[in-house]
Number of protein chains: 2
Amino acid sequence: MDEYLKREHQHCFYDLPVAKQQVFLQQLKSDYRQILLNYFAGDQNLKHKIDLFINTAFSSNIPVPQIIELHMELIEDFSKQLKLEGRSDEVLLDYRLTLIDILAHLCELYRRSSCQ
Amino acid sequence: MDEYLKREHQHCFYDLPVAKQQVFLQQLKSDYRQILLNYFAGDQNLKHKIDLFINTAFSSNIPVPQIIELHMELIEDFSKQLKLEGRSDEVLLDYRLTLIDILAHLCELYRRSSCQ
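Definitions and limits used
- Residues numbered from 1 in each chain as written.
- Chains lettered and ligands numbered in written order.
- Predicted model: local features only at pLDDT ≥ 70, side-chain atom pairs only at ≥ 80, totals over all residues.
- Heavy atoms only, no water.
- Core = buried A, V, L, I, M, F, W, Y, C linked by side-chain atoms within 4.5 Å.
- Buried < 20%, exposed > 50% of the residue type's maximum accessible area, 1.4 Å probe, protein only.
- Helix = DSSP H or I, 4+ residues; strand = E, 2+ residues; numbered from the N terminus.
- Contact = heavy atoms within 4.5 Å.
- Buried area = accessible area lost by both parts, 1.4 Å probe.
- Salt bridge = Lys/Arg side-chain N within 4 Å of Asp/Glu carboxyl O.
- Polar contact = N/O pair within 3.5 Å; in protein donor to acceptor, adjacent residues only side chain to side chain.
- Nonpolar A, V, L, I, M, F, W, Y, C, P; charged D, E, K, R; others polar.
- Axes fitted to C-alpha atoms, helices over the stretch in contact; angles between N-to-C directions.
- Parallel < 35°, antiparallel > 145°, perpendicular 65-115°, else oblique.
- Left-handed = near helix turned anticlockwise from the far one by under 90°.
- Phe/Tyr/Trp six-rings, centres within 6.5 Å; stacked < 30°, edge-to-face > 60°.
- Least-squares fit on C-alpha atoms with pLDDT ≥ 70 in both.

Asks: Teacher, can you tell me more about the nonpolar core here?
Replies: Most often, soluble globular proteins have nonpolar side chains that are buried together. Formed by 68 residues in total, the largest nonpolar core has its most connected members in Ile62 and Leu106 of chain A together with Ile62, Leu103 and Leu106 of chain B. Of all elements in the fold, only α2 (18–38), α3 (46–60), α4 (64–84) and α5 (96–112) of chain A together with α2 (18–38), α3 (46–60), α4 (64–84) and α5 (96–112) of chain B reach the threshold of two or more residues within this core. The contact partners of Leu103 of chain B, leaving out residues within four places of it in the chain, are Ile100, Leu103, Ala104 and Cys107 of chain A together with Val64 and Ile68 of chain B.

The following block contains the structure:
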């Protein structure tokens, strides 16, 4: 774990040109979308998907508000879809648990790598 | 901000004897309880209380799972109280937003102080 914590950023978000930042964000959004869709579905690969997402966010050093924004955008997309289908979007509130799960693990990873 | 990020822990959680860890946790729990109770009440000092809580958590380097545990314990306390009063505890789900708020800011603080 310590070795992992010390590794250099493989794709530091801020070092990418703007166009590549957008590609990176779209990939991260796609990964997070899969996590949300499978979070309550008993997916056996869920833990692996979450670990990958957290490690990608950590190693890219992406600002946390960007992750919150990805979450908000996806919830809005899901909400629009449910409303088009005439269904309540109340179930989407449960996905706050997914965000808490992601933030808690990412925060602990940064805490352990912190150089305070 | 950078100066703040570099400052040393004033009361590193792990360096405290167990009895003092408990006192520290009780104080942190009391502070977080005030944040929860005032989160949707339009308290003008809320932002200041949240900043203080986050800075205390950051400077003590307390493990993130301990913060999640504080949240769970308080929600359970509130739930018991509401049930005693014959009221629904569904409203407590909204406090997940408080935890997201705290974790997002704390995570960003650790990210900016990270020495990856």
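After presenting the structure, the write-up continues.
Asks: Whenever I open this one, the interface of chain B and chain A confuses me. Can you help?
Replies: When the parts of a complex come together, some accessible area is lost, and that lost area is often taken as the interface size. Listed as interface residues are 30 residues of chain B and, on the opposing side, 30 residues of chain A. Overall, the association of chain B and chain A removes approximately 2,400 Å² of surface from exposure, summing both partners, and the carbon and sulfur fraction of that is 64%. For the pair chain B and chain A, the number of links is zero salt bridges. For the pair chain B and chain A, the interface holds six residue pairs in polar contact (both at pLDDT 80 or more). Counting only elements with at least two residues in the side of chain B that touches chain A, the list comes to α3, α4 and α5 of chain B. Ranked by residues supplied to the side of chain B that touches chain A, first place goes to α5 of chain B with eleven residues. Of the residues assigned to the side of chain B that touches chain A, the class counts are 18 nonpolar, six polar and six charged.

Asks: Looking at this model, I keep getting lost on the packing of α2 of chain A against α5 of chain A. Mind explaining?
Replies: The angle between the axes and the distance between the axes are what describe a pair of packed helices. Residue and element names in this part refer to chain A. Remark: α2 packs on α5, axes separated minimally by 10 Å, with the N-to-C direction vectors making an angle of 125 degrees. For the element pair α2 / α5, the angle class is oblique. The chirality of how α2 crosses α5 is right-handed. In this structure, α2 uses Tyr32, Ile35 and Leu36 to contact α5, whose residues at the interface are Thr98, Leu99 and Ile102. Each residue belonging to the contact of α2 with α5 can be placed in one class, and the counts come to five nonpolar, one polar and no charged.

Asks: How do you make sense of the packing of aromatic side chains when you look at a structure like this?
Replies: Residue and element names in this part refer to chain A. Tallied over the entire structure, the rule returns 14 aromatic pairs over all chains. Relative to Tyr95, the ring of Phe40 has its centre 5.9 Å away and its plane inclined at 35 degrees; by these criteria the two rings are tilted. Of this pair, Phe40 sits in the loop between α2 and α3 while Tyr95 sits in the loop between α4 and α5; the two residues are 55 residues apart in sequence, bridging distant segments of the chain. When the centroid spacing of 5.1 Å and the interplanar angle of 55 degrees are considered together, the rings of Phe58 and Tyr110 count as tilted. Highlighted residues: Phe58 in helix α3 and Tyr110 in helix α5, separated in sequence by 52 residues. Taken as a pair, Phe58 and Tyr110 share a single burial class, namely buried. A network of ring pairs unites the aromatic residues Tyr39, Phe40, Phe78 and Tyr95 as a single cluster.

Asks: In this structure, what is going on with the relation of the copies chain B and chain A? I would like to understand it.
Replies: Put simply, the second copy of the chain is the first one after a rotation about an axis and a shift along it. Placing chain B over chain A gives an RMSD of 0.0 Å and needs a rotation angle of 180 degrees, together with 0.0 Å of translation along the axis. On the angle and the small slide along the axis, the relation comes out as a two-fold axis. Taken together, the interface assignments show that 100% of the residues at the interface of chain B recur at the interface of chain A, consistent with an identical surface on both copies.

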